[in-house]
Amino acid sequence: MKQWLWLSFVVLALDQASKWLILTTLAPFEPLALLPNVNFTLMFNSGAAFSFLADAGGWQRWLFAALALVVSGILTIWLLRLKPSERWLAAGLALLIGGAIGNLIDRVLFGHVVDFIQVYLPVIPLALFNPWPAFNLADSAITLGVTILLIVTLTTNDMPSR
C-alpha cells in the first residue's frame, strides 16, 4: 500500500506551502478575516495540542519531535503492511503521517509549530472555545486521519466466524 504515501506528500506540501505563505504575508497575532467566523491569524505553538506543555522551557520541542518521528515510522510500517482492500485505513494513516511530518518540520526548524487558522464557534457559549485554538493544515489532516481510523475501526467486523 506504499502508493498511499502520495497523500502524505500532498498533505506535507500543502501544509508547508501554506505556512510559508502565512509567515511571509502576516504579522503575528493580527487577524485577516476570511469568512464571518474564520480568520487567518499567525500564531506559534511550542507545545502540543491546545498548547499542552507550551511553557515547559524548551525541552518539549525535542520530546514532541522525537514522538512525531517514532509515530510516523510506526504508522508508515503499518501502512506498508495493509492489504489492498484496506483503502480507507490507508487513507487515514497517510493523512496522519503527512500531518505529523508537517508539524515535525516546524518543530525542528523553528522550535514551534506555525498555526494560522482561527475559527469562532458562536454556537458554543464557552469563552474557552471562542476563538477555537488556532490550527494549520497538518492539524486538519491529523484530525481527519484519526476520524477515518475511528470510523473504520468501529464499522469493521473482524470477529472470527465459528
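See the structure above.
Since this is a predicted model, take the numbers as computed values, not measurements. (Residues numbered from 1 in each chain as written. Predicted model: local features only at pLDDT ≥ 70, side-chain atom pairs only at ≥ 80, totals over all residues. Heavy atoms only, no water.)

Chemist: Help me understand helix H4 (residues 137–155) in this model?
Modeler: At 3.6 residues per turn, the α-helix brings residues three or four places apart onto the same side. Taking 1.5 Å of rise per residue, 19 residues should cover 27 Å, and H4 covers 27 Å from first to last C-alpha, within 8% of that figure. By the burial criterion, the buried members of H4 are Ala138, Ala141, Gly145, Ile148, Leu149 and Val152. Buried residues of H4, seen end-on, are gathered within an arc of 100 degrees and therefore sit on one face of the element. In this structure, H4 carries Thr143, Ile151, Leu154 and Thr155 as exposed residues pointing more than 90 degrees from its buried face. Tucked into the core, H4 has its buried residues touching helix H1 (5–25) and helix H3 (87–110). (Helix = DSSP H or I, 4+ residues; strand = E, 2+ residues; numbered from the N terminus. Expected span 1.5 Å × (residues − 1). Buried < 20%, exposed > 50% of the residue type's maximum accessible area, 1.4 Å probe, protein only. Arc of directions from axis to C-beta. Contact = heavy atoms within 4.5 Å.)

Chemist: Sorry, what's going on with the pattern of salt bridges here?
Modeler: The final tally for this structure, using the stated rule, is two salt bridges. The salt bridge partner of aspartate 15 is lysine 19, with a shortest N-O separation of 2.8 Å. Residue aspartate 15 and its partner lysine 19 are both found in helix H1; the two are separated by four residues, about one turn of the helix. A single burial state applies to aspartate 15 and to lysine 19, both of which are buried. Of the charged contacts, one joins lysine 19 and aspartate 106 as a salt bridge, the two residues approaching to 2.7 Å between their closest N and O atoms. Pair noted here: lysine 19 is in helix H1 and aspartate 106 is in helix H3, with a separation of 87 residues, a long-range link. Overall, lysine 19 belongs to the buried group, its relative accessible area being 2%. Looking at aspartate 106, the relative accessible area reads 0%, which means it is buried. (Salt bridge = Lys/Arg side-chain N within 4 Å of Asp/Glu carboxyl O.)

Chemist: I'm lost on the sheet that holds strand E3 (residues 113–119) in this one. Help?
Modeler: Sheets are built from strands paired through backbone hydrogen bonds, the pairs being either parallel or antiparallel. Spatial ordering of the open sheet is given by E1-E2-E3, a layout of three strands whose pairing is antiparallel. Edge strands, defined here as strands with exactly one partner in the open sheet, are strand E1 (32–35) and E3. The average undirected angle you get between the axes of adjacent strands in this sheet is 40 degrees. Here strand E2 (residues 38–45) pairs with E3 via six bridges, running antiparallel. Bridged to methionine 43 within E3 is aspartate 115. Its contacts with the sheet put H1 on E2 and E3, and the angle it makes with E3 is roughly 85 degrees. (Pairing = 2+ DSSP bridges. Axes fitted to C-alpha atoms, helices over the stretch in contact; angles between N-to-C directions.)

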